[in-house]
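Summary of structural features
Chain by chain, the residues:
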Amino acid sequence: VAYLVVFHILFVLFVWTYWKSVFTLPIQPGKKFHMSYADQERYENEERPEVQRQILAEIARKLPVYTRTGNGGIRFCDRCQLIKPDRCHHCSVCAMCVLKMDHHCPWVNNCIGFSNYKFFLLFLAYSLLYCLYIAATVFKYFIKYWTIISSFNLFLSLVLCCFPFQGELTNGRSKFHILFLLFVAVMFFVSLMFLFGYHCWLVSRNRSTL
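Residues numbered from 1 in each chain as written. Predicted model: local features only at pLDDT ≥ 70, side-chain atom pairs only at ≥ 80, totals over all residues. Heavy atoms only, no water.

**A few points about the overall build of the protein**
Heads up, the rule is: Elements are defined by DSSP. Helices are runs of H or I of four residues or more, strands are runs of E of two residues or more, and each kind is numbered from the N terminus. Exposure classes here rest on a 1.4 Å probe applied to the protein chains alone. A residue is buried below 20% of its type maximum, exposed above 50%, and partly exposed in between. Only heavy atoms enter the contact rule, under which two residues are in contact if any of them lie within 4.5 Å.
Within the protein, the secondary structure is distributed over six helices and six strands. When the helices and strands of the protein are read in sequence order from the N terminus, they spell out α-α-α-β-β-β-β-β-β-α-α-α. Out of the 210 residues in the protein, the part that is buried amounts to 39%. In the protein, the proportion of contacts linking residues at least 24 apart, taken out of those at least 6 apart, comes to 54%.

Encoded structure:
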């Protein structure tokens, strides 16, 4: 019963954070970063690049924008017609500028940014615990089915003594099921461990993927 309680708690947290990562809409920059109609006409009618940069610089003086392009100009999105705040990037999949964009994740089919980065990190954490819990609870059955306990295999005998079994599963197909479940759980655990560790490192350095 205790195993089932812990399992379902992790499962509910896993599904909840996944749901929030998928259905939390990315946030665009505020209206103050959008160009007015007059500024937009002035910018588009100007053909000289240096004058266009001056127009953007005049508009950006009133905005909290510090990041510049490689040549020192203001970061401007021609598609959304707005001056990009720091860490804002245009997502070609979502067709919009996303505030504090980290990346567009195909696993959640959504942009990971300011609005849902917390849920994405929690999703990775609970997925990691979920896979670890499944692998730990299945491991004893893996040892039971896929090893031969003999006099020279004392270590495995001690491990099996520490995990009492409620009954014997004699179905031949169960060997494949146990092996497959353990393999998938360990494979996802290792992958998620590196991904979660990488994002924790990014957070500790106040950085993002882009």
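Once the structure has been displayed, the description carries forward.
**Here we look at a nonpolar patch on the surface**
What counts here: Patch rule: a residue counts if its relative accessible area is over 30% and it has no salt bridge; like charges are joined within 9 Å, and nonpolar side chains (Val, Leu, Ile, Met, Phe, Trp, Tyr) within 5 Å. The Shrake-Rupley method, run with a 1.4 Å probe, gives the accessible areas here. Residue values count only the displayed protein chains as cover. Any carboxyl oxygen of Asp or Glu that lies within 4 Å of a side-chain nitrogen of Lys or Arg is treated as forming a salt bridge with it.
A cluster of nonpolar side chains, Val186, Val190, Met193 and Phe194, forms an exposed patch at the surface whose accessible area comes to about 350 Å². Inspection of the secondary structure assignment puts Val190 in helix H6 (residues 173-204). For Val190, a relative accessible area of 32% puts it in the partly exposed group.

**Considerations on the packing of helix H2 (residues 37-45) against helix H3 (residues 49-60)**
So the rule is basically this: An axis is simply a line fitted to the C-alpha atoms; with a helix, the fit covers only the stretch in contact. Between two such axes, the angle follows the N-to-C directions and lies from 0 to 180 degrees. In what follows, roughly perpendicular refers to angles from 65 to 115 degrees, roughly parallel to angles under 35, roughly antiparallel to angles over 145, and oblique to any angle outside these ranges. Handedness of a crossing is defined here by the sense of rotation of the near helix relative to the far one, left-handed for an anticlockwise turn of less than a right angle and right-handed for a clockwise turn.
In contact at an axis separation of 9 Å, H2 and H3 are set at 160° when each is read in the N-to-C sense. With respect to each other, H2 and H3 are oriented roughly antiparallel. At the point where H2 passes H3, the crossing takes the left-handed sense. Listed contacts from H3 to Asp39, Arg42 and Tyr43 of H2 are Gln52, Ile55, Leu56, Glu58 and Ile59.

**What to know about H3**
Convention followed: Multiplying one less than the number of residues by 1.5 Å gives the expected span of a helix.
Over its 12 residues, H3 runs 16 Å from end to end, which matches the ideal 16 Å to within 8%, given 1.5 Å per residue. Within H3 the residues assigned to the buried category are Val51, Gln52, Ile55, Leu56, Ile59 and Ala60. Where H3 is buried, its residues meet H2, strand S1 (76-77) and strand S2 (82-83).

**So, the pattern of salt bridges**
With the rule as written, the count across this model stands at three salt bridges. Where Glu58 meets Arg42, a salt bridge forms, and the shortest distance between an N and an O atom there is 3.8 Å. Taken as a pair, Glu58 in helix H3 and Arg42 in helix H2 lie far apart in primary sequence, 16 residues in all. Within the structure, one salt-bridge network assembled from shared partners comprises Asp39, Arg42 and Glu58.

**Describing the UniProt feature "transmembrane region" (unreviewed entry) in the protein**
As a reminder of what qualifies: UniProt positions are given in the numbering used here, feature names are shortened, and annotations may be inferred rather than shown by experiment.
Following the UniProt record, one finds the feature "transmembrane region" (unreviewed entry) at residues 6-27, 119-139, 145-165 and 177-198. Overall, residues 119-139 shows 100% helix and 0% strand. The separation of its end C-alpha atoms is 30 Å. With 100% helix and 0% strand, residues 177-198 has its two end C-alpha atoms placed 32 Å apart.

**Structural notes on the nonpolar core**
What counts is decided by this rule: Residue types Ala, Val, Leu, Ile, Met, Phe, Trp, Tyr and Cys, when buried and joined through side-chain atoms within 4.5 Å, form a set referred to as a nonpolar core.
Core analysis: the largest hydrophobic core is formed by 13 residues, its most contacted members being Met35, Leu56, Phe76 and Ile83. If you tally residues by element for this core, the top one is H3, at five residues. Those residues in contact with Ile83 that sit more than four places away from it in its chain are Phe33, Leu56, Ile59, Ala60, Leu63, Val65, Ile74, Arg75 and Phe76. Val22, Cys105, Val108 and Phe123 belong to the second-largest nonpolar core, a separate cluster that totals 12 residues.

**Some details on unusual backbone geometry**
A positive phi is found at Gln81, a non-glycine position, where the angle reads about 55°. Here Gln81 shows up in the loop between S1 and S2. A relative accessible area of 16% means that Gln81 is categorised as buried. You will see that Ala95, though not glycine, has its phi angle at about 60°, which is positive. With respect to the helices and strands, the residue Ala95 is situated in the loop between strand S3 (89-91) and strand S4 (96-98).

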